[in-house]
Amino acid sequence: VQLQASGGGLVQAGGSLRLSCSASVSIFSIIAMGWYRQAPGKQRDLVATITNGGSTNYSDSVKGRFTISRDNAKNTVYLQMNSLKPEDTAVYYCNVHLGFPYGRDYWGQGTQVTVSS
């Protein structure tokens, strides 16, 4: 299983970025996809997840600013990030939670998002 993430970069505070992540796995094995982030010296934290049925979950820190979505035909998850703040600066990791026959999570390589003040 491979996850290919893209879309990170440098943006000024108040700006927007869109992350995308494609998974090389059958959609029938995917339970949920999501994004996590890790700032320097901190643990990896949940940003947002979306289930196969379209249910979403967001961390309180990004609610109202970030939107997660999926294109099931492409096995791709997106994270639209608006009103970015310097505290959003982190490496963002794509995650896929798989059911049968895998029964585990897989992670993408991470993409850097830097928000300047």
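To be clear, the structure that these remarks concern was listed above.
The structure presented is a predicted model; accordingly, all values stated were derived computationally and were not measured. (Residues numbered from 1 in each chain as written. Predicted model: local features only at pLDDT ≥ 70, side-chain atom pairs only at ≥ 80, totals over all residues. Heavy atoms only, no water.)

Participant: Can you tell me about the overall build of the protein, naming the residues and giving the values?
Facilitator: When you go through the protein residue by residue, the secondary structure sums to zero helices and 11 strands. Starting at the N terminus and walking to the C terminus, you meet the elements of the protein as β-β-β-β-β-β-β-β-β-β-β. Taking 2.2 N^0.38 as the reference for a compact globule, 117 residues should give roughly 13 Å; the C-alpha atoms of the protein span a radius of gyration of 14 Å, in line with that estimate. Burial status across the protein gives 44% buried among its 117 residues. In the protein, 54% of the contacts between residues at least 6 apart in sequence involve partners at least 24 apart. Within the structure as shown, the protein displays about 6100 Å² of accessible surface, and the carbon and sulfur contribution to it stands at 48%. Treating the 10 positive side-chain charges of the protein as one cloud and the 6 negative ones as another, the clouds have centres 3 Å apart. (Helix = DSSP H or I, 4+ residues; strand = E, 2+ residues; numbered from the N terminus. Rg over C-alpha atoms; globule rule 2.2 N^0.38 Å. Buried < 20%, exposed > 50% of the residue type's maximum accessible area, 1.4 Å probe, protein only. Contact = heavy atoms within 4.5 Å. Areas by Shrake-Rupley, 256 points an atom, 1.4 Å probe, with all protein chains shown as cover. Lys, Arg positive; Asp, Glu negative; His and termini not counted. Charge placed at Lys NZ, Arg CZ, Asp CG, Glu CD.)

Participant: Give a detailed account of the sheet that holds strand β8 (residues 76-81), specifying residues and quantitative values.
Facilitator: The strand order across the open sheet formed by four strands is β1-β3-β8-β7, and the pairing between neighbours is antiparallel. The open sheet has two free edges, formed respectively by β1 (3-6) and β7 (66-71), since each of these has just one partner strand. When the angles between neighbouring strand axes are averaged without regard to direction, this sheet yields 15°. In the sheet, β7 pairs with β8 via six bridges, with the strands oriented antiparallel. Within the sheet, the bridge partner assigned to T67 lies in β8 and is Q80. (Pairing = 2+ DSSP bridges. Axes fitted to C-alpha atoms, helices over the stretch in contact; angles between N-to-C directions.)

Participant: Account for the packing of aromatic side chains, with residues named and values stated.
Facilitator: Using the criterion set out here, one finds two aromatic pairs in the structure. A ring pair is formed by Y36 and W107, whose centres lie 5.0 Å apart and whose planes are at 70°; its orientation type is edge-to-face. Pair noted here: Y36 is in strand β4 (residues 30-38) and W107 is in strand β10 (residues 105-107), with a separation of 71 residues, a long-range link. Plain terms: the ring middles of Y102 and Y106 are 6.2 Å apart, the flat faces sit at 90° to each other, and that makes the pair edge-to-face. Geometry around Y78 places R18 over its ring, the cationic atom sitting 4.1 Å from the centre. Across the ring face of Y106, the terminal group of R104 is positioned such that the distance to the ring centre comes to 3.9 Å. (Phe/Tyr/Trp six-rings, centres within 6.5 Å; stacked < 30°, edge-to-face > 60°. Lys NZ or Arg CZ within 6 Å of the ring centre and 35° of its normal.)

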